[in-house]
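Geometric and topological summary
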Amino acid sequence: MDKLDFVKLMLNSLGIGEEVIAYKNSPYERVISMVNMIMLGQRKSKVHPKLFGELTEKYFPEKPHGQLIFTYLQNITDHLWCYKCNQVLPKENFAMNAGGKSRDRQSCCRGCRGGINKLFDLVAVNKRRAAKLERTPPWADHDAIKKIYENCPPGYHVDHIVPLQGTHVSGLHIPKNLQYLPATENLRKSNKFEVG
Ligand SMILES: [Zn+2]
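Below is a summary of the structure that appears in this document. (Residues numbered from 1 in each chain as written. Predicted model: local features only at pLDDT ≥ 70, side-chain atom pairs only at ≥ 80, totals over all residues.)

**Let's talk about the overall build of the chain**
What counts is decided by this rule: Note on conventions: DSSP H or I runs of at least 4 residues are helices, E runs of at least 2 residues are strands, and numbering of each starts at the N terminus. Comment: burial labels come from other C-beta atoms within 10 Å of the residue's own C-beta, placed from the backbone, where a count of 20 or more is buried, 12 or fewer is exposed, and between is partly exposed. C-beta atoms are first placed from the backbone for all residues, and any pair lying within 7 Å is then listed as a contact.
In terms of helices and strands, the chain carries eight helices and four strands. Burial status across the chain gives 11% buried among its 196 residues. Counting only contacts in the chain whose residues sit at least 6 apart along the sequence, the fraction spanning at least 24 positions is 47%.

**So, the nonpolar core**
For the record, the criterion: Only buried Ala, Val, Leu, Ile, Met, Phe, Trp, Tyr and Cys residues enter a nonpolar core, and they are joined through C-beta atoms within 7 Å.
Membership of the largest hydrophobic core comes to 18 residues, with the highest contact counts inside it found for V7, V35, I38, M39 and F70. Secondary-structure elements contributing two or more residues to this core are α1 (3-13), α3 (34-45), α5 (69-77) and β1 (79-81). If one sorts the elements of this core by residue count, α3 sits on top with five residues. Not counting the four nearest positions on each side in its chain, V7 is found in contact with V35, I38, M39 and F70.

**Some points on the environment of N93**
In this structure, N93 sits in the loop between β2 (88-90) and α6 (110-134). On the neighbour-count criterion, N93 (17 C-beta atoms within 10 Å) is partly exposed. Note: C-alpha distance between N93 and G111 (18 residues apart in sequence) is 8.0 Å. If near-sequence neighbours (up to four positions away) are discounted, N93 is found in contact with C109 and R110.

**Structural notes on the packing of α1 against α3**
Put simply, the rule reads: For every element, the axis is a line fit to its C-alpha atoms; helices are fit only across the contacting stretch, and the angle between N-to-C directions ranges from 0 to 180 degrees. If an angle is under 35 degrees, it is roughly parallel; if it is over 145, roughly antiparallel; if it lies from 65 to 115, roughly perpendicular; otherwise it is oblique. Note: crossing handedness is left-handed where the near helix turns anticlockwise from the far helix by less than a right angle, and right-handed where it turns clockwise. All residues other than Ala, Val, Leu, Ile, Met, Phe, Trp, Tyr, Cys, Pro, Asp, Glu, Lys and Arg, Gly among them, are scored as polar; the first ten of these are nonpolar and the last four charged.
Between α1 and α3, the least distance of the axes is 10 Å, while the angle of their chain directions is 110°. In this view, α1 runs roughly perpendicular relative to α3, as classed from their interaxial angle. The two elements α1 and α3 meet at a crossing, and its hand is right-handed. For the pair α1 and α3, the contacting residues are K3, L4, V7 and L11 in the first and M34, V35, I38 and M39 in the second. Counted by class, the contact of α1 with α3 contains seven nonpolar, no polar and one charged residues.

These results come straight from atomic positions and should not be treated as a statement about function.
Pasting the structure below:
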């Protein structure tokens, strides 16, 4: 369900009816809706601090001070909001973050994360392709390069001894700069190359 549906469901289950959500004909006519208050917090929704305090006290007495009501609702229901697809989904739909991060789950659901990773891969592939072109001198032996790639043994990658996109130095896309490396080692090496 999307963000707004989630908030409405929460309000309904807390016994706060639509009339409170839509404020229009309520005594709080001049205040922005409760939904805004929940999603934006007191300052951004411009709800009077006193009223905000009263409503929070009444409907969310357990909410830690300073925490956004929307965050609180996600916590107590074990749900998380994905900023990418705007859906509020069970926590399990979000991959764990690597240790030491302030948030234990990623802010983007697995489905959206997959799409982003694919995009990153595509960008990386294009970057490598461009680097190869750029780092191939006019005198390079194209046939010899092609042969090296064709004869690469299974489980091995063709590796640039001096990386094409190195941090300190950039190698050339020529036969002399190519070697076979076990695939796992090649992935570990990435673009690190120390100038001796
Ligand atoms: Zn998503």
